[in-house]
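Each chain is listed here by its residues.
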Amino acid sequence: AGMIQSKKDFLYGYFEIKFKIPKEKGFWPAFWLYGSTPNEEIDWMELKSEKPNQIHVGRHCQKRDDNYIIIGLRKKVWSDWVKFDGSLVEGYNILSGIWTANLLKYYLNGECIAVTYVDMHNAKKLVANIAVSSDKGSFPPAPRKDLKDSVKFEIDYIRVWDRTNYKTKRTDPSSFTAK
């Protein structure tokens, strides 16, 4: 397992990673933002290496009720697996996301794959990591027992564009300045 985390806190912006995941099953790469407030994060992507054509997107709000959306007469946690054509192990892919005062938009290779409306106003650290899954924990299965080699969550780059005092609903990435 391994992790990198920004020293800087970000409040709103456009976040991008160019990456390739391992072919071996049982690994859990992720790209996300984590706040200093309890239970608040933006999961731009959580992956399972045995699901190379799916990305899990999500968010976790400080107020528990804000994590749910209403579908018909029932509440559902806002997060899901997004399936797509292709494979994240074949060549590099670009995952990006836009965070404004009331909106999150998720993109894979320039195509919008998810949108959610949410009020998140606390600065967060940027994190990229790869975890090792377990058969009895989060995101099973674990790697095979006889695996002796290391695996790579290959990251070509991580980029962030931000705007101080970003208050408008405009989400055009060209309106951000590179940092």
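Because the structure is a prediction, the values reported are computed rather than measured. (Residues numbered from 1 in each chain as written. Predicted model: local features only at pLDDT ≥ 70, side-chain atom pairs only at ≥ 80, totals over all residues. Heavy atoms only, no water.)

1. A look at the overall build of the protein
The helix and strand inventory of the protein stands at zero helices and 14 strands. Seen in sequence order, the protein has helices and strands lined up from the N terminus as β-β-β-β-β-β-β-β-β-β-β-β-β-β. Evaluated residue by residue, the protein yields a buried proportion of 45% over its 179 residues. Summarising the internal contacts of the protein: among those between residues at least 6 apart in sequence, 66% fall at separations of at least 24. With the model as given, the accessible surface of the protein reaches about 9,900 Å², and the carbon-plus-sulfur share is 49%. (Helix = DSSP H or I, 4+ residues; strand = E, 2+ residues; numbered from the N terminus. Buried < 20%, exposed > 50% of the residue type's maximum accessible area, 1.4 Å probe, protein only. Contact = heavy atoms within 4.5 Å. Areas by Shrake-Rupley, 256 points an atom, 1.4 Å probe, with all protein chains shown as cover.)

2. Some words on unusual backbone geometry
Positive phi values are uncommon outside glycine, yet Tyr12 reaches one of about 70 degrees. Note on placement: Tyr12 falls in the loop between strand E1 (2-10) and strand E2 (13-20).

3. With respect to the pattern of salt bridges
Counting across every chain of the model gives six salt bridges. Its salt-bridge partner being Lys124, residue Glu40 comes within 2.4 Å of it at the nearest N-O pair. Separated by 84 residues along the polypeptide, Glu40 in the loop between strand E3 (27-35) and strand E4 (41-46) and Lys124 in strand E12 (residues 124-132) bring together distant segments of the chain. The same class applies to Glu40 and to Lys124, which are both buried. For Lys48, the salt bridge identified is with Glu50, shortest N-O distance 3.3 Å. According to the relative accessible area criterion, Lys48 is buried, its value standing at 1%. (Salt bridge = Lys/Arg side-chain N within 4 Å of Asp/Glu carboxyl O.)

4. Focus on the packing of aromatic side chains
A complete count under the given rule lists seven aromatic pairs for this structure. Measuring from ring centre to ring centre gives 5.2 Å for Tyr12 and Trp99, while their planes differ by 70 degrees; the resulting arrangement is edge-to-face. Of this pair, Tyr12 sits in the loop between E1 and E2 while Trp99 is found in strand E9 (residues 93-99), placing the two residues 87 residues apart along the sequence. Neither residue differs from the other here; Tyr12 and Trp99 are each classed as buried. Each residue in the set Phe10, Phe15, Trp44 and Tyr106 is aromatic and connected to the rest through ring pairs, giving one cluster. Positioned over the ring face of Tyr92 is Lys20, at 5.0 Å from the centre of the ring. The ring centre of Tyr157 lies 3.7 Å from the NZ or CZ of Arg159, which sits over that ring. (Phe/Tyr/Trp six-rings, centres within 6.5 Å; stacked < 30°, edge-to-face > 60°. Lys NZ or Arg CZ within 6 Å of the ring centre and 35° of its normal.)

5. Observations concerning a nonpolar patch on the surface
On the surface, Ile4, Ile155 and Ile158 cluster together into a nonpolar patch covering about 220 Å² of accessible area. Among the structural elements, Ile4 can be located in strand E1. (Patch = residues over 30% accessible without salt bridge, like charges linked within 9 Å, V, L, I, M, F, W, Y side chains within 5 Å.)

6. With respect to the confidence of the model for the protein
For the protein, per-residue confidence averages 82 on the pLDDT scale, and residues scoring 70 or more make up 80% of the total. For the stretch residues 165-179, pLDDT sits under 50, and the model shows 29 contacts to residues farther than four places along the chain or on other chains. (pLDDT = per-residue confidence, 0-100.)

7. Here we look at the sheet that holds E4
One open sheet holds the six strands; their spatial order is E1-E12-E3-E4-E5-E8, and the pairing between them is antiparallel. Here the strands that pair on one side only, and so sit at the sheet edges, are E1 and strand E8 (79-83). Recorded for the sheet is a direction-independent mean angle of 15 degrees between the axes of neighbouring strands. (Pairing = 2+ DSSP bridges. Axes fitted to C-alpha atoms, helices over the stretch in contact; angles between N-to-C directions.)

8. Re the pairing of strand E5 (residues 54-60)
The buried fraction of E5 amounts to six of the seven residues, a majority that puts the element mostly inside the structure. Bridge count between E5 and E8: five bridges; the pairing is antiparallel. Paired with Gly58 across the strands is Ser79, a residue of E8.

9. Points about the side chain of Thr116
With respect to the secondary-structure elements, Thr116 resides in strand E11 (residues 111-117). Separated by 3.0 Å, the side chains of Thr116 and Arg59 make a polar contact. (Polar contact = N/O pair within 3.5 Å; in protein donor to acceptor, adjacent residues only side chain to side chain.)

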